[in-house]
Amino acid sequence: MNAAQKSRSTSPWGFWRSLVVTLTVALGIRHFIVEARYIPSGSMLPGLQLQDRLLVEKLTYRFRSPQRGEIVVFRAPQAFDPALKRDYAAGPLRCFLVNLPFIGGLPGLQEPACEAFIKRVVAIPGDKVVVDPNGRLSINGKAVDEPYVERFCASDQGKGCQPLRAVVPPRSVLVLGDNRANSWDGRFWPGTHFLPDDQIIGRALFRFWPVASAGSLVSPDLQLHLSNASLSRERRSCLVVQS
């Protein structure tokens, strides 16, 4: 090794240059390809538990639109709902800092408009949606079988959750929490019921923690369940007629 090479290898700038390159690559992967997220609330129970750790991939929706049944991570409603944006505006730089690992948790940096939510896509553009007070879903006049929903809204004495009847507009989806009794989702947002496609951060792909629950989070299109539900009703009708 000559003197010039030795000087470069021992230069402090070499260390900092390597550090900057490493951080840039890591942030690039996190921003454009995949990142880890955790579950902060119970809105997706029982399938996703509090403090579960997930991988969220960000490439799929560059090539296609979200599908029914997929679990998505998206920017908080305060970032896109017209009725909320007025009071919770936050610039891109602030949101970038808030979402950096080890920095976003610092006191005073938290910003509602910079937070991320996780819900399930239940309807896509053109779908005619009805969500009844129990939280049960119908699409285009057909009841949808949702095997991942176990906690519906109690409707005793006329009480229940916020119902919804609407048509999903273009370039948007309807998202609901699996825990219908305790989820702030499209049923309750004051300015819009729908999530714009461009506010989706990525698709929940894999749960890596806890290890005992590790596995894929890729869900089948709800169209399959919808068809099965319709078939089940037809079979029940046949049984009634035969009896």
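For clarity, every value in this text was computed on a predicted model and none was experimentally measured. (Residues numbered from 1 in each chain as written. Predicted model: local features only at pLDDT ≥ 70, side-chain atom pairs only at ≥ 80, totals over all residues. Heavy atoms only, no water.)

Let's shift gears to the sheet that holds strand β6 (residues 137-139). Spatially, 4 strands are ordered β7-β6-β5-β8 in an open sheet, and the strand pairing comes out antiparallel. With one partner strand each, in any of the chains shown, β7 (142-143) and β8 (164-167) form the two edges of the open sheet. In the sheet, β6 pairs with β7 via 2 bridges, with the strands oriented antiparallel. Its bridge partner being in β7, I139 is matched across the sheet by K142. (Pairing = 2+ DSSP bridges. Helix = DSSP H or I, 4+ residues; strand = E, 2+ residues; numbered from the N terminus.)

Below, the discussion takes up the nonpolar core. In this structure, V122, A123, V129, V131, L137, V168 and L174 are the most contacted members of the largest nonpolar core, which totals 13 residues. Among residues more than four places away in sequence, those in contact with V131 are R136, L137, P163, L164, L176 and R187. Of all hydrophobic cores here, the second largest spans 12 residues; its members include V72, F80, F117 and W189. (Core = buried A, V, L, I, M, F, W, Y, C linked by side-chain atoms within 4.5 Å. Buried < 20%, exposed > 50% of the residue type's maximum accessible area, 1.4 Å probe, protein only. Contact = heavy atoms within 4.5 Å.)

Across all of its chains, the model carries 10 salt bridges by this definition. With a closest N to O distance of 2.5 Å, K58 and E35 form a salt bridge. Within this pair, whereas K58 is found in the loop between β2 (53-57) and β3 (71-75), its partner E35 is found in strand β1 (residues 34-38), the two being separated by 23 residues in sequence. In this structure K58 comes out as buried when scored by relative accessible area, which is 11%. For E35, a relative accessible area of 4% corresponds to the buried category. (Salt bridge = Lys/Arg side-chain N within 4 Å of Asp/Glu carboxyl O.)

Omega for the peptide link from L45 to P46 comes to 0°, which places this bond in the cis form. Note on placement: P46 falls in the loop between β1 and β2. The omega torsion across W209 and P210 is 0°, close enough to zero to call that bond cis. Its identity as a non-glycine residue notwithstanding, N140 has a phi of 55°, on the positive side. Along the chain, the position of N140 falls in the loop between β6 and β7. Within the chain, R171 stands out as a residue other than glycine whose phi angle is a positive 55°. If you trace the backbone, R171 turns up in the loop between β8 and β9 (172-176). Residue classification places R171 among the exposed residues on the basis of a relative accessible area of 66%.

Bringing the side chain of E70 into the picture now. Residue position: E70 is located in the loop between β2 and β3. What makes E70 buried here is its relative accessible area of 4%. A distance of 2.5 Å separates the side chain of E70 from the side chain of R64, its partner in a polar contact. If we ignore the near neighbours within four places in the chain, the residues touching E70 are Y61, R64, K119, R120, V121 and R203. (Polar contact = N/O pair within 3.5 Å; in protein donor to acceptor, adjacent residues only side chain to side chain.)

Here the protein averages 82 in pLDDT, and 75% of its residues register 70 or above. Across residues 229-243 the pLDDT falls below 50, and counting only partners more than four positions away or on other chains, this stretch makes 5 contacts in the model. (pLDDT = per-residue confidence, 0-100.)

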